[in-house]
Amino acid sequence: MRRRASNWGAYQPGQRPSSPVGSRARRRQAATAARRSGEGTAPPAHAGSWQWAKSRLAKLAVALAAAVAVGITGAVTGIAQDVANGAWHGVVGLFTDDAPPPKPTIASVTPLRINGGGTVVFAEPMHLSERQIEADTNSLTGPGVLPDDTAVQVMVRNPGHDTVYVTNVQVKKVCTAPLSGTVLFDPPLGSGGESDVGIGFDLDSPHPVPRDFSSDSLKLGGGYFLGRTVTILPGQPQTFLLYTRTSRSYCRFRFVMTVHVDDRTYQLTIDRKGKPFEITAGLIEKGDDKPTLGAYQVAYVSGYQAHVGAGAGMSAATPDFVKVDPRTWKQGGPAKR
């Protein structure tokens, strides 16, 4: 009888016979132990990825929460410090003479006809009565706009105990095409008076700068504030003559004056009671080959100019202004009275 083969001879001391069932059980036990200890055989791909993602998300959430907490703490701390500093300065101000110096004030603003005469221009064609004409030519606050050049006399007062230093004057402008509706033509007869400080601006420049101005010559010089300032002593006023000119546009503008008192800087806005100043380029021909006022739709000329242009003399009955045809009227002799 044939004897069945045996593997008993492969047995080694300390070993147990291997079997497929035992091997699977041991592998399962090893995998379980590895998962518990974080080592060994990795779990299936989809389960491991989810566990890894949850772990990373948890760590990120903790980090973000910590950052937000630090930021809020810093902001609250900064606000508390600002409040404390403000309160401290307020308390110190109660017991010390550390009040800010008073702001200089604009005491008066007076528009001037810098070159004399009474010519004014309106945007629209207008048919004016004698009373309206008189009001518009004698008042600089009416709706008429002065042509070519104008000036504003400004008085700045220093109400404090420290010296005021004026270091700059700027003009803020918006310009369009010159007005061509109605003109009241009354040529200039002379120039204006002198002022303590004459500062001029050319509004035809893209960026007008403050320049020296003489009301005698009506000319602009170099930069006014180059290397100098205007000093206003405590309790004293200072008068400025702010001159503007244009030969191209109709402009609305304001002035802004920069002043320094002690360690404070102030900006003083200069305008017409909240409204801008106005100026327009005059469209008046000075040659003999074209009508003097041909660019306007409606024209009135002074009684003197009307009679001189017509070759007539003046009389007591001569009106102040006469309506003329701007397409044909030409200026007569020089404007002397």
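For the structure itself, consult the block above.
Only a predicted model underlies this, so the values are computations on that prediction, with no experimental measurement involved. (Residues numbered from 1 in each chain as written. Predicted model: local features only at pLDDT ≥ 70, side-chain atom pairs only at ≥ 80, totals over all residues. Heavy atoms only, no water.)

S.K.: Can you help me understand the packing of aromatic side chains in this one?
M.R.: To describe a pair of aromatic rings, you give the distance between the ring centres and the angle between the ring planes. According to the stated counting rule, one finds seven aromatic pairs in the structure shown. Look at F201 and F255: their rings are 5.6 Å apart centre to centre, the planes differ by 40°, and that puts the pair in the tilted class. In this pair, F201 sits in strand β6 (residues 197-202) while F255 sits in strand β11 (residues 250-261), placing the two residues 54 residues apart along the sequence. Judged by its relative accessible area of 0%, F201 is buried. The interplanar angle of 35° and the centroid separation of 5.7 Å between the aromatic rings of F253 and F277 together place this pair among those described as tilted. Here F253 is found in strand β11, whereas its partner F277 is found in strand β13 (residues 277-280), with 24 residues between them in sequence. Of the two residues, F253 and F277, both sit in the buried class. One aromatic cluster is present, built from ring pairs that chain together F201, F253, F255 and F277. (Phe/Tyr/Trp six-rings, centres within 6.5 Å; stacked < 30°, edge-to-face > 60°. Helix = DSSP H or I, 4+ residues; strand = E, 2+ residues; numbered from the N terminus. Buried < 20%, exposed > 50% of the residue type's maximum accessible area, 1.4 Å probe, protein only.)

S.K.: What am I meant to see in the pairing of strand β3 (residues 149-157) here?
M.R.: Regular strands place side chains that alternate from one sheet face to the opposite one. Pairing of strand β1 (residues 105-112) with β3, which is carried by seven bridges, proceeds in the antiparallel orientation. Residue P111 lies in a different strand from β3, and its bridge partner there is V152. As paired elements, β3 and strand β10 (residues 237-245) share nine bridges and run antiparallel to each other. In the sheet register, A151 faces β10, and the bridge partner there is Y243. (Pairing = 2+ DSSP bridges.)

S.K.: Got a minute to help me understand the pattern of salt bridges in this structure?
M.R.: Applying the stated criterion across every chain yields a total of five salt bridges. Taking the shortest distance from any N to any O, the salt bridge between R245 and D202 comes out at 3.9 Å. Remark: D202 occurs in strand β6 and R245 occurs in strand β10; sequence separation between them is 43 residues. Overall, R245 belongs to the partly exposed group, its relative accessible area being 28%. Since its relative accessible area comes to 17%, D202 is described here as buried. A salt bridge links D271 to R254, with the shortest nitrogen-to-oxygen separation between them at 3.0 Å. A residue pair is termed long-range when its members are at least 10 positions apart, and D271 in the loop between β12 (264-270) and β13 and R254 in strand β11 qualify at 17 residues. The class for D271 is buried, based on a relative accessible area of 16%. (Salt bridge = Lys/Arg side-chain N within 4 Å of Asp/Glu carboxyl O.)

S.K.: Mind showing me how you'd approach the state of the cysteines here?
M.R.: Should the sulfur atoms of two cysteines be covalently bonded, the bond is a disulfide. Summed over the entire model, instances satisfying the criterion amount to one disulfide. Covalent S-S linkage joins C175 and C251, the inter-sulfur distance amounting to 2.0 Å. On the sign convention where negative means left-handed, the S-S torsion of about 110° between C175 and C251 marks this disulfide as right-handed. Residue C175 is found in strand β4 (residues 164-176), and its partner C251 is found in strand β11; the two are separated by 76 residues along the sequence. A relative accessible area of 28% means that C175 is categorised as partly exposed. (Disulfide = S-S within 2.5 Å.)

S.K.: Sorry if this is basic, but what is going on with the pairing of strand β5 (residues 182-185) here?
M.R.: Burial along β5 is two-sided: T182 and L184 and V183 and F185, pointing in opposite directions, are all buried. One ladder, built from four bridges, connects β5 with strand β14 (residues 298-302); its direction is parallel. Across the sheet, residue F185 finds its bridge partner in β14, namely V301.

S.K.: How do you make sense of the sheet that holds β3 when you look at a structure like this?
M.R.: The strands that make up a sheet pair up through hydrogen bonds in the backbone, lying either parallel or antiparallel. Strand order in the open sheet made by the six strands is β1-β3-β10-β6-β7-β8, with mixed pairing throughout. The two strands at the open ends of the sheet, each matched to only one other strand, are β1 and β8 (219-223). Pairwise comparison of adjacent strand axes, ignoring direction, gives a mean angle of 30° for this sheet. Where β6 meets β10, six bridges bridge the pair, whose relative direction is parallel. (Axes fitted to C-alpha atoms, helices over the stretch in contact; angles between N-to-C directions.)

S.K.: Any chance you could explain the side chain of T150 here in plain terms?
M.R.: Mapping T150 onto the fold places it in strand β3. Within polar-contact distance, the side chain of T150 engages the backbone oxygen of L112 at 3.4 Å. The residues touching T150, leaving out its near neighbours within four places in the chain, are L112, I114, L242, Y243, T244, F253 and I279. (Polar contact = N/O pair within 3.5 Å; in protein donor to acceptor, adjacent residues only side chain to side chain. Contact = heavy atoms within 4.5 Å.)

S.K.: Explain unusual backbone geometry to me, please; I cannot follow it from the model alone.
M.R.: Of all residues except glycine, most have a negative phi; of all peptide bonds, most are trans. With a phi angle near 55°, D262 is a residue other than glycine that sits in the positive phi range. For K273, which is not a glycine, the phi torsion comes out positive at approximately 55°. We classify K273 as exposed; its relative accessible area is 87%.

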